[in-house]
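Coordinates in review
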Amino acid sequence: ALAAGIHASSSELGRQLDLWNMEPMGLLGIALADAHRGRVEPARRSAEAASARARSIGDMDSLAGSEYVLGLLALSLGDAATAHRHLEPAVALIRSLGEADSACLLALANEIEALAALGEQSHAEALLLELEEHADRLDRARPLALAARSRAIVEADRGNLAAALASIDRAL
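Here's what I pulled together on the structure shown here. Keep in mind that this is a model prediction, so the values were computed, not measured.

**A closer look at the overall build of the protein chain**
- Each helix and strand in the protein chain was counted, giving 9 helices and 0 strands.
- In the protein chain, the succession of helices and strands from N to C terminus is α-α-α-α-α-α-α-α-α.
- For the protein chain, the proportion of its 172 residues judged to be buried stands at 44%.
- Long-range contacts, defined here as pairs at least 24 residues apart, represent 50% of the contacts in the protein chain between residues at least 6 apart.
- Accessible surface computed for the protein chain: about 8700 Å², of which carbon and sulfur atoms make up 56%.

**Some remarks on the side chain of Arg 151**
- Mapped onto the fold, Arg 151 is located in helix H8 (residues 141-158).
- In terms of polar contacts, Arg 151 uses its side chain to reach the side chain of Glu 132, at 2.9 Å.

**Quick notes on the nonpolar core**
- Formed by 40 residues in total, the largest nonpolar core has its most connected members in Ala 35, Tyr 68, Val 69, Ala 83, Leu 108, Ile 112 and Leu 131.
- For this core, the secondary-structure elements that each account for two or more residues are helix H2 (22-36), helix H3 (40-57), helix H4 (60-76), helix H5 (80-96), helix H6 (102-117), helix H7 (121-138) and H8.
- Contacts of Tyr 68, omitting those with residues within four sequence positions, involve Leu 32, Leu 87, Ala 90, Leu 106, Ala 107 and Asn 110.

**Observations regarding a nonpolar patch on the surface**
- A cluster of nonpolar side chains, Leu 165, Ile 168 and Leu 172, forms an exposed patch at the surface whose accessible area comes to about 350 Å².
- Structurally, Leu 165 is set in helix H9 (residues 161-171).
- Since its relative accessible area comes to 54%, Leu 165 is described here as exposed.

**Some remarks on the environment of Gly 78**
- Residue position: Gly 78 is located in the loop between H4 and H5.
- On the basis of relative accessible area, Gly 78 is assigned to the exposed category, the value being 63%.
- In this structure, the C-alpha to C-alpha distance between Gly 78 and Ala 114, residues 36 residues apart in sequence, is 9.0 Å.

**Points about the pattern of salt bridges**
- Counted according to the given criterion, the structure contains 11 salt bridges.
- Residue Asp 34 is joined to Arg 39 by a salt bridge in which the shortest nitrogen-to-oxygen separation is 3.0 Å.
- Taking the relative accessible area as the measure of exposure, Arg 39 reaches 36% and is therefore partly exposed.
- Between Glu 67 and Arg 55 there is a salt bridge, and its shortest N-O distance comes to 3.5 Å. Pair noted here: Glu 67 is in helix H4 and Arg 55 is in helix H3, with a separation of 12 residues, a long-range link.
- Given the relative accessible area of 6%, Glu 67 is considered buried.
- Three or more residues joined by partner-sharing salt bridges are found here, namely Glu 125, Glu 132, Arg 151, Glu 155 and Arg 158.

Thresholds applied
- Residues numbered from 1 in each chain as written.
- Predicted model: local features only at pLDDT ≥ 70, side-chain atom pairs only at ≥ 80, totals over all residues.
- Heavy atoms only, no water.
- Helix = DSSP H or I, 4+ residues; strand = E, 2+ residues; numbered from the N terminus.
- Buried < 20%, exposed > 50% of the residue type's maximum accessible area, 1.4 Å probe, protein only.
- Contact = heavy atoms within 4.5 Å.
- Areas by Shrake-Rupley, 256 points an atom, 1.4 Å probe, with all protein chains shown as cover.
- Polar contact = N/O pair within 3.5 Å; in protein donor to acceptor, adjacent residues only side chain to side chain.
- Core = buried A, V, L, I, M, F, W, Y, C linked by side-chain atoms within 4.5 Å.
- Patch = residues over 30% accessible without salt bridge, like charges linked within 9 Å, V, L, I, M, F, W, Y side chains within 5 Å.
- Salt bridge = Lys/Arg side-chain N within 4 Å of Asp/Glu carboxyl O.

So yeah, pure geometry; function would need other evidence.
Rendered as structure tokens:
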């Protein structure tokens, strides 16, 4: 009920202020909040609605975000194939928008995890190098931790547990 009220309020505010993409952005915010609270089905419904609405109006930011949330949900549930199906286009969309901020880095890190789980080692490694480059350039704690966590996943997938543990230490 609260989510429906927030969605209605954000949609109405968007209409009043002539903000063309307020509806999918509002749905995306609800989806992300629900995902982080472990409310899988409400998060999925909101993210799917945000994705559909974003596609219909050409809102690539909201589309990338909603695909990210759908990928995050799938990855959290252990479904790497579905996660990859959502995260791959999310990463591509974010790149096309020229963004290398936290949203891009989170999507890259989750896509690396999905690819590693799928046995796509070379693709995961290529994305890891990109993530590490962004993290080094930004030189901030969160991106560096994401890159180190992703390095740990790739190294563990290779069977290199010593390097994986060293990367985990860096992530912390």
